[in-house]
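These are the residues of each chain, in order.
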Amino acid sequence: MILTINQLNAILNLIRWKNLIMIALVQFLIKYALLEPFGVQTALDLFGISLLALATVCIAAAGNVMNDIQDIETDFVNKPDKIIVGETVSEKAAYNLFIVLNLIGVGVGFYLSHHVGKAPFFTIFVLISALLYVYANTLKRTLLIGNLVISLLVASSILIVGVFDLLPVMTPENRSMQLTFFKILWDYAVFAFVINLLREIAKDIEDIDGDYKAGMNTLPIVLGRDRTKNILIGLNFIPLFATIYYITSVLYKQQTAVIYFLILIVAPLIYIIIKTFSATTKQDFHHISSVYKIVMLFGMLSLLLYKFVILSS
């Protein structure tokens with residue numbers, strides 16, 4: 001079967017190709033901007049980290065496909081001009097794509113787990129795949145649980161690099177260094193979790209009309225748009241103050257790093273708080289959601305600065 005340009009574009013949008021590139025980019029940054037420059041003992045070479053990125057991206061893509069399949073009803077209200085499943089791509093084709101992507105992701109994960117000598121790690125890929133399926137079918141309709149689960153899965157795409165690259169070669173001699181760098185990954189995973197959770201809440205406010213019609217139980221449906229907006233404003237101070245603390249306690253000696261975090265992390269977070277105060281329309285919250293994505297991107301790109309931060313500390 002030969003795909004048309006429109007169908008190919010539709011499939012790329014269906015799997016959220018921009019988000020997938022970001023996932024792969026972050027994993028390669030962790031490997032080559034954080035771990036390799038310091039001579040940390042690792043289990044994965046270029047082939048290995050490429051397999052890990054492939055497995056992660058395929059499973060994430062499958063989750064995106066299933067999410068769109070389950071969102072057909074809500075998308076007719078929330079984004080009628082961006083409907084893919086049932087329009088450009090048939091529901092049957094979407095299901096087939098979901099199965100193929102999962103098989104590739106889990107299959108590559110199975111090979112990779114044996115490649116690093118940690119066969120039980122294979123269960124991580126199975127659990128993530130299963131969670132994404134359950135999220136799309138059930139959890140996303142449950143108050144906050146769906147938001148928390150998808151944010152945990154975003155964080156896991158960062159931690160999984162440490163699991164496969166650091167833990168398999170940990171010994172009593174290098175244990176301290178391995179755990180030090182795993183702690184750095186943990187900090188980035190927490191940042192990703194918090195920012196994604198806030199973005200999920202903003203998206204729930206944006207999509208309240210379609211979600212209500214579909215019988216979903218999101219925070220703005222339960223508490224109302226205004227109360228949820230106030231909660232979002234309050235929660236925004238958590239990453240804002242945490243980033244300011246990080247700047248003053250760790251980065252203060254590195255002027256370039258301080259400027260980077262002030263302009264690309266702190267300033268957008270302050271902007272989000274101000275913008276959320278005045279946000280009233282669907283378009284306003286869509287814009288806020290997009291700014292969260294930018295904050296996430298620049299937060300991950302700060303891995304490029306870590307070499308200078310560690311060397312100066």
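None of the values given here were measured: they were computed from a predicted structure.

Cut-offs and rules
- Residues numbered from 1 in each chain as written.
- Predicted model: local features only at pLDDT ≥ 70, side-chain atom pairs only at ≥ 80, totals over all residues.
- Heavy atoms only, no water.
- Phe/Tyr/Trp six-rings, centres within 6.5 Å; stacked < 30°, edge-to-face > 60°.
- Helix = DSSP H or I, 4+ residues; strand = E, 2+ residues; numbered from the N terminus.
- Buried < 20%, exposed > 50% of the residue type's maximum accessible area, 1.4 Å probe, protein only.
- Axes fitted to C-alpha atoms, helices over the stretch in contact; angles between N-to-C directions.
- Parallel < 35°, antiparallel > 145°, perpendicular 65-115°, else oblique.
- Left-handed = near helix turned anticlockwise from the far one by under 90°.
- Contact = heavy atoms within 4.5 Å.
- Nonpolar A, V, L, I, M, F, W, Y, C, P; charged D, E, K, R; others polar.

Trainee: Describe the packing of aromatic side chains, and please don't skip the residues or the numbers.
Mentor: Counting across every chain of the model gives nine aromatic pairs. Judged by centre distance (6.4 Å) and plane angle (15°), the ring pair of Phe28 and Tyr32 falls under stacked. Of this pair, Phe28 and Tyr32 both sit in helix H2 (residues 17–35), separated by four residues, roughly a single helical turn. Among the residues examined, Tyr32 registers a relative accessible area of 37% and is labelled partly exposed. Between the aromatic rings of Phe98 and Tyr133, the centroid separation amounts to 6.0 Å while the plane-to-plane angle is 35°, which identifies the pairing as tilted. Here Phe98 is found in helix H5 (residues 91–115), whereas its partner Tyr133 is found in helix H6 (residues 122–137), with 35 residues between them in sequence.

Trainee: Explain unusual backbone geometry residue by residue, including any values.
Mentor: Look at Arg16: it is not a glycine, yet its phi comes out positive at around 60°. Secondary-structure assignment places Arg16 in the loop between helix H1 (5–14) and H2. You can call Arg16 partly exposed: its relative accessible area is 21%.

Trainee: Report on the packing of H2 against helix H7 (residues 145–165), specifying residues and quantitative values.
Mentor: Between H2 and H7, the least distance of the axes is 9 Å, while the angle of their chain directions is 45°. Our classification of the angle between H2 and H7 gives oblique. H2 and H7 meet at a crossing whose hand is right-handed. Of the residues in H7, those touching H2 at Ile23, Val26, Gln27, Ile30, Lys31 and Leu35 are Ser157, Ile158, Ile160, Val161 and Asp165. Its residues assigned to classes, the contact of H2 with H7 shows seven nonpolar, two polar and two charged.

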